[in-house]
Amino acid sequence: MVMWNILKPRKHLFCMTNMSCMRHEGTDVFLPHSHIISEWISRRLSLLDEGIYTCYVGTAIQAITNKVVLKVGVFLTPMMKYEKRNTNSFLICSVLSVYPRPIITWKMDNTLISENNMEETGSLGPFSINSTLNITGSNSSYECTIENSLLKQTWTGRWTMKDGLHKMQTEHVSLSCQLVNDYFSPNQDFKVTWSRMESGISSILAYYLSSSQNTTFYESRFSWNKELKNQSDFSMNLMDLSLSDSGEYLCNISSDEYTLLTIHTVHVEPSQETASDNKGLWILVASLILVAVKCCTGNISGRIWALRSRHPADGAQRGQPPMAERRMDSGSGGTVKRYGQKLCHSIGHFKK
């Protein structure tokens, strides 16, 4: 007879001798009766299954007893997020389910630093952990590592910011983002997400999944170079820039073991033609306002001139307007004056 007994009340499993178990929570563990009998029993593990198991093998000749310690670990793939809060920028390394408590380390330019804030939920496990770091140097690179010592698994997140780009309106911009071979193995599945950060909100521009080779675009002006993409280069092109395209652009390459975040800052400036048009428009508006002011004040002086025309002063001709008004009535100045008079009339009507 072969029998496994966990040292907890009324729990019995059948297994072979000399078994060593270390499994993830929720995975299957297979326990055979013996080396000879090929029957297997499958069991879904949980943290409650941790404990010491004893195996008793008894025959007519001898009896053997062995003990095995079963430990169960949890390590749901962590993630790294980039957030902007007002003028401050933060990196958050988080893992939603992990057991036992992991080892979390932060580096800035390969130098160990301490995080600003650690949040943990789950008193007995599995735990949910957020580790937050305030970005103090935009020209530096930051790295977060989360290690599960029991399962011997390590995840790494890395953040870098590229130099800012200045572009003119209607031009296009190319933003680099490459998969680093030091982090990703050739046959490892990964996903790439390009997004734009604006007022603390992230909007997705494009999404790529290596396992299916499918690419989804959410912005018609966005494109990837297919030849570069085949070489693990996911640099993007954004065409026909507008002033509203100014902002931060984030490239996120993630797998089960790594996350690489790359930030680009784009400044879009008005083109020369647009600037000239705006300047001309402001000059026209200023001229209209000036003429309107003169027109409104001219109504008063016009009435005075009408009274004076009845009793002209010495040297003045009856029925002739002042010389300044006669000059304003001629040429392009007359056109501006007519628009100004309409504006003045509207203002006078509004006052009534």
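Computed from a predicted model, the values in this text were never measured in an experiment. Note that residues are indexed from 1 along each chain, following the sequence as it is written. For a predicted model such as this one, the threshold for reporting local features is a pLDDT of at least 70, and the threshold for listing and counting side-chain atom pairs is 80 or more; totals across whole chains, interfaces and linings nevertheless cover every residue. Hydrogen atoms and water are omitted, and side-chain values are computed over all heavy atoms in the structure.

Another point: the overall build of the chain. Runs of H or I in DSSP of at least four residues are treated as helices and runs of E of at least two as strands, each being numbered from the N terminus. Each helix and strand in the chain was counted, giving four helices and 24 strands. Relative accessibility thresholds used throughout: buried, under 20% of the residue-type maximum; exposed, over 50%; partly exposed, between the two (1.4 Å probe, protein chains only). Looking at the chain as a whole, 35% of its 352 residues qualify as buried. Pairs at least 24 residues apart make up 54% of the contacts formed inside the chain by residues separated by at least 6 positions. By definition in these notes, contact holds between two residues if any of their heavy atoms fall within 4.5 Å.

With that settled, the discussion passes to the pairing of strand 13 (residues 127–134). Between any two strands, at least two bridges found by DSSP are needed for them to pair. Bridging between strand 9 (residues 88–99) and strand 13 involves seven bridges; their strand directions are antiparallel. Residue pairing in the sheet places V95 in a bridge with I129 of strand 13. The sheet contact formed by strand 12 (residues 117–121) and strand 13 spans five bridges and is antiparallel. Residue pairing across strands places E120 opposite I129, the latter belonging to strand 13. Remark: five residues form the turn of the hairpin made by strand 12 and strand 13, two consecutive strands paired antiparallel; G122 in that turn has positive phi of roughly 100°.

Our next topic: the packing of aromatic side chains. Two rings belonging to Phe, Tyr or Trp (six-membered ring only in the last case) form a pair when the distance between their centres is within 6.5 Å. Interplanar angles under 30 degrees mark stacking, angles over 60 mark edge-to-face geometry, and anything in between is tilted. Counted according to the given criterion, the structure contains eleven aromatic pairs. Geometrically, the ring pair formed by Y99 and F127 is stacked, given 6.0 Å between the ring centres and 20° between the ring planes. Taken together, the positions of Y99 in strand 9 and F127 in strand 13 put the pair 28 residues apart, joining distant regions of the chain. Judged by relative accessible area, F127 falls into the buried class, the value being 3%. An aromatic cluster is built from F190, Y208, F217, F222, W224 and F234, whose rings are joined through pairwise contacts. Each ring is checked for a lysine NZ or an arginine CZ that lies within 6 Å of its centre and within 35 degrees of its normal; such an atom marks a charge sitting over the ring. Sitting over the ring of F90, R85 keeps its end group 4.4 Å from the ring centre.

Let us now look at the sheet that holds strand 21 (residues 222–224). Strand order across the open sheet formed by three strands is 17-22-21, with antiparallel pairing between neighbours. Lying at the two open borders of the sheet, with one neighbouring strand each, are strand 17 (173–175) and strand 21. Mean inter-strand twist for the sheet, computed between neighbouring axes without regard to direction, equals 25°. Bridge count for strand 21 against strand 22 (residues 236–238) is three bridges, and the pairing is antiparallel. Among the inter-strand pairings, S223 is bridged to a residue of strand 22, identified as N237. What counts as an axis is a line fitted to C-alpha atoms, over the stretch in contact for a helix, and the angles between N-to-C directions run from 0 to 180 degrees.

With 30 residues, the main nonpolar core has M80, Y82, L91, W106, C144 and W159 as its most contacted residues. Of all the secondary-structure elements, those providing two or more residues to this core are strand 7 (63–75), strand 8 (79–85), strand 9, strand 10 (103–108), strand 13, strand 14 (142–148), strand 15 (153–161) and strand 24 (258–269). Residue contributions to this core peak at five residues, all from strand 9. These domain limits were set by an automatic method or by a database of domain assignments. When residues of this core are assigned to domains, at least three map to each of domain 1 (1–18 + 38–72) and domain 2 (74–269). Beyond its immediate chain neighbours, meaning those up to four positions away, W159 contacts M80, Y82, L91, I135, S138, S140, S141, Y142, L261 and I263. If you look at the next biggest cluster of nonpolar residues, it comprises 25 residues, including V173, L175, F222 and I253. By convention a nonpolar core is built from buried Ala, Val, Leu, Ile, Met, Phe, Trp, Tyr and Cys residues, the set being connected through side-chain atoms within 4.5 Å.

The score called pLDDT rates the predictor's confidence residue by residue, from a low of 0 to a high of 100. Averaged over every residue, the pLDDT of the chain is 76; the share at 70 or more is 65%. In the model, residues 28–41 has pLDDT below 50 throughout and makes 38 contacts with residues more than four positions away in sequence or in other chains. For residues 324–330, every residue scores under 50 in pLDDT, and the model assigns this stretch nine contacts once sequence neighbours within four places are set aside.

The subject of this paragraph is a nonpolar patch on the surface. Patches in this entry comprise residues that are over 30% relatively accessible and not in a salt bridge; like charges within 9 Å are linked, as are nonpolar side chains (Val, Leu, Ile, Met, Phe, Trp, Tyr) within 5 Å. Under the convention used here, a 1.4 Å probe and the Shrake-Rupley method define accessible areas, while residue burial counts only the protein chains that appear. Salt bridges are defined as contacts in which a side-chain nitrogen from Lys or Arg sits within 4 Å of a carboxyl oxygen from Asp or Glu. Taken together, the side chains of L76, M79 and L96 present a nonpolar region at the surface, about 290 Å² in accessible area. Residue position: L76 is located in the loop between strand 7 and strand 8.

Okay, the environment of L243 next. Structurally, L243 can be placed in the loop between strand 22 and strand 23 (247–254). Accessibility expressed as a relative area gives 43% for L243, which makes it partly exposed. The sequence separation of L243 and Q169 amounts to 74 residues, and the corresponding C-alpha distance is 6.4 Å. For L243, the residues in contact, after removing those within four places along its chain, are Q169, V268, E269 and P270.

Detection works on a 1 Å grid of protein atoms alone, calling trapped sets that fit a 1.4 Å probe cavities and calling open sets with protein on both sides within 12 Å along at least five of seven lines pockets, with lining residues defined by an atom within 4 Å of a point. Grid points are joined across faces, edges and corners, and a volume is the space filled by probe spheres set on the points. Here the largest pocket defines a volume of roughly 510 Å³. Around the largest pocket, the lining comprises 23 residues; the ones closest to its centre are M79, M80, K81, N252 and S254. Put simply, the parts of the chain that give the lining of the largest pocket at least two residues each are strand 8, strand 18 (191–198), strand 19 (201–209), strand 23 and strand 24. With six residues, the single largest contributor to the lining of the largest pocket is strand 8. In terms of residue class, the lining of the largest pocket is made up of eight nonpolar, nine polar and six charged. All amino acids are sorted into three groups, where Ala, Val, Leu, Ile, Met, Phe, Trp, Tyr, Cys and Pro are nonpolar, Asp, Glu, Lys and Arg are charged, and the leftover types, Gly among them, are polar.

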